[in-house]
Amino acid sequence: MSTENLSQSPEQPPRKPRVAVVFGGRSSEHGISVVTAGAVLKAIDRSQYDVLPIGITADGRWALTADEPERMAITDRRTPSVDQLAESTEGGVVLPVDPASREVVYSEPGSVPKALGEVDVVFPVLHGPYGEDGTLQGLLELSGVPYVGSGVLASAVGQDKEYMKRVFTSFGLKVGPYVVIRPREWQRDESAARKKIVDFAGEHGWPLFVKPARAGSSIGITKVDDLSGLDGAIAEAQRHDPKILVEAALRGREIECGVLEFEDGPRASVPAEIPSPDAHAYYDFEAKYIDSTPGIVPAPLTEEETAEVRRLAVEAFEAASCEGLVRADFFLTEDGDFVINEINTMPGFTPISMYPQMWQATGIGYPELVDRLVQAALRRSTGLR
């Protein structure tokens, strides 16, 4: 689809493409998604696009929200919520289920449903399960509505850290040692599942990182220095996801690289380095979003190292069949190898997030970045591609 198809009639000028910015959601990353949406709403060019903000509450209701980016920022170390922005406590937004129609409808109990007009593209800035993991992408595929970012498969692979690592390994990318505890293993025999982790620690040493297998923004992750902290770390990870991933600590520098889809294919940004935050055990949620620990952009790497990490970032993008954008996270080990930790198919996208900062340093500012992502989505069709 292109913007040329948006003409209403020969007598009328072409209308602007309508972008629905969908944010919030049911995951533990709800608040950061709202912050991201505020940045996108502020940056999107209103002379080029009509915008419809749609928030998903923590309990899953699709709400019509105020188009007020200034209310969508972290305040007093607290993230905002969709409930604070919703125009009604009961009304709901319904996307079309018929691919022949892109009419969005708003309804409230006891009232006649109100048509909100057609949507040409969805910009989903949800993080975590029920949004970034292929579920929303599947809904949009059924609706026939183009959207920013990766499709169903890549989104699901990018969310599940176990299968992400399996895909990368099959394509020859280096990953660090890890072990997975699935829900059925834990339910069947907690002692055996715990022993599996202890044996892993015996092989690879402490510390370990215990994390939810399908979450992001460093939520639910615990650095475990010895056996005494293991049970608490498992419980914290399982609070966010019944499936947990345990990783060995890698000695090295944390390097990130952004990938963006251009007309001729994906390209990588200049990389960034994440220094060890002084006030935190590692680069956790508080360090990222509350204390805004700054990254180093561009990363102080040699020309050869910079070229290699950019190549590997694009390779990871292609390996997982990604579209639109990805942030690829690596460790540069003491042996000089780049080991991929993970990709994010909808990375943190606030102005202080590393992904837009890396592209800013590469020569593409935040408003242009948003425009390129919308245009890439408009160029693609839904369905098999």
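Everything that follows concerns the structure shown earlier in this document.
**Q** Please clarify how the overall build of the chain should be interpreted in this entry.
**A** Looking only at helices and strands, the chain features 12 helices and 16 strands. A globule of 385 residues ought to have a C-alpha radius of gyration of about 21 Å, and the chain, at 21 Å, matches this closely. Once the C-alpha set of the chain is aligned to its principal axes, its extents read approximately 75 × 50 × 40 Å. Of all 385 residues assigned to the chain, the portion counted as buried reaches 55%. The long-range fraction of contacts in the chain, counting pairs at least 24 apart against all pairs at least 6 apart in sequence, stands at 65%. Carbon and sulfur atoms provide 49% of the accessible area of the chain, an area that totals close to 16900 Å². Here the chain contributes 38 positive and 58 negative side-chain charges, whose respective centroids are spaced 3 Å apart.

**Q** Even after reading the chapter, I still don't get the environment of Pro113, so can you show me in this structure?
**A** Within the secondary structure layout, Pro113 lies in the loop between strand S5 (103–107) and strand S6 (114–118). According to the relative accessible area criterion, Pro113 is exposed, its value standing at 52%.

**Q** Even after reading the chapter, I still don't get the sheet that holds strand S9 (residues 208–212), so can you show me in this structure?
**A** The strands making up a sheet associate through hydrogen bonds between their backbones, and the pairing can be parallel or antiparallel. In spatial order, the strands read S8-S11-S9-S10; together these 4 strands make up an open sheet with antiparallel pairing. Every other strand in the sheet has two partners, leaving strand S8 (178–181) and strand S10 (222–224) as the edge strands with one partner each. Sheet twist, expressed as the average angle between the axes of neighbouring strands with direction ignored, equals 25°. As defined by bridge partners, S9 adjoins strand S11 (residues 244–248) across 5 bridges and the pair is classed as antiparallel.

**Q** When you look at the nonpolar core in this model, what are you seeing that I'm missing?
**A** Soluble globular proteins: nonpolar side chains tend toward being buried together. Ranked by size, the top nonpolar core spans 36 residues in total, and within it Val21, Phe23, Phe123 and Phe349 carry the most contacts. Sort the elements by how many residues they give to this core and helix H12 (residues 366–379) lands first, with 7 residues. With 28 residues, the next largest nonpolar core counts Met164, Ala268, Ala320 and Ile340 among its residues.

**Q** Hey, could you run me through the state of the cysteines in this one?
**A** Working definition: the covalent bond between the sulfur atoms of two cysteines is a disulfide. Within the structure shown, the criterion is met by 0 disulfides. Cysteine Cys257 is unpaired, with the sulfur of Cys322 as its nearest cysteine sulfur at 13 Å.

**Q** Which parts of the structure should I look at to understand the pattern of salt bridges?
**A** Opposite charge on two side chains allows them to pair when their charged atoms are near. Counted by the stated rule, this structure contains 31 salt bridges. In this structure, Arg380 and Glu261 form a salt bridge, with 3.0 Å as the shortest nitrogen-oxygen distance. One end of the pair, Arg380, is in the segment after H12; the other, Glu261, is in strand S12 (residues 252–262), and 119 residues separate them in sequence. Here Arg380 and Glu261 have matching classes, each one buried. Here the residues in one salt-bridge network are Glu141, Glu261, Glu323, Arg380 and Arg385, joined through shared partners.

**Q** Hey, could you run me through the sheet that holds strand S1 (residues 18–24) in this one?
**A** The strand order across the open sheet built from 4 strands is S3-S2-S1-S7, with neighbouring strands paired in mixed fashion. If you trace the sheet from one side to the other, it starts and ends with strand S3 (62–64) and strand S7 (121–124), each paired once. Pairwise comparison of adjacent strand axes, ignoring direction, gives a mean angle of 30° for this sheet. Note: S1 against strand S2 (residues 50–56), 7 bridges, orientation parallel. Looking at S2, one finds that Phe23 is bridged to Gly55. Most of the contacts of H12 go to S7, to which it runs at about 130°, and overall it touches S1 and S7.

What counts and how
- Every chain is numbered independently, its residues counted from 1 as its sequence is written.
- Per-residue local features of the predicted model are confined to residues with pLDDT of at least 70, and side-chain atom pairs are confined, for both listing and counting, to 80 or more; whole-chain, interface and lining totals are unaffected and use all residues.
- Here the side-chain values reflect all heavy atoms present in the structure, with hydrogen atoms and water set aside.
- Secondary structure counts use DSSP, requiring at least four H or I residues in a row for a helix and at least two E residues in a row for a strand, with both numbered from the N terminus.
- With the radius of gyration taken over C-alpha atoms, the globule rule is written as 2.2 Å times the number of residues to the power 0.38.
- Exposed residues in this analysis have more than 50% of their type's maximum accessible area, buried residues have under 20%, and partly exposed residues fall in between, with area computed by a 1.4 Å probe over protein chains only.
- Whether two residues are in contact is decided by their heavy atoms, any of which lying within 4.5 Å being enough.
- The Shrake-Rupley method, run with a 1.4 Å probe sphere, supplies the accessible areas, and residue values consider only the shown protein chains as cover.
- None of His or the chain ends enter the tally, which takes Lys and Arg as positive and Asp and Glu as negative.
- One atom stands in for each charge, and that atom is NZ of Lys, CZ of Arg, CG of Asp or CD of Glu.
- Two strands form a pair only when DSSP identifies at least two bridges running between them.
- Between the N-to-C directions of two axes lies an angle of 0 to 180 degrees, each axis being a line fitted to C-alpha atoms and, for a helix, fitted only over the stretch in contact.
- We define a nonpolar core as any set of buried Ala, Val, Leu, Ile, Met, Phe, Trp, Tyr and Cys residues linked to one another through side-chain atoms lying within 4.5 Å.
- Note on terminology: pairs of cysteine sulfur atoms within 2.5 Å are recorded as disulfides.
- Think of a salt bridge as a Lys or Arg side-chain nitrogen and an Asp or Glu carboxyl oxygen that are within 4 Å of each other.

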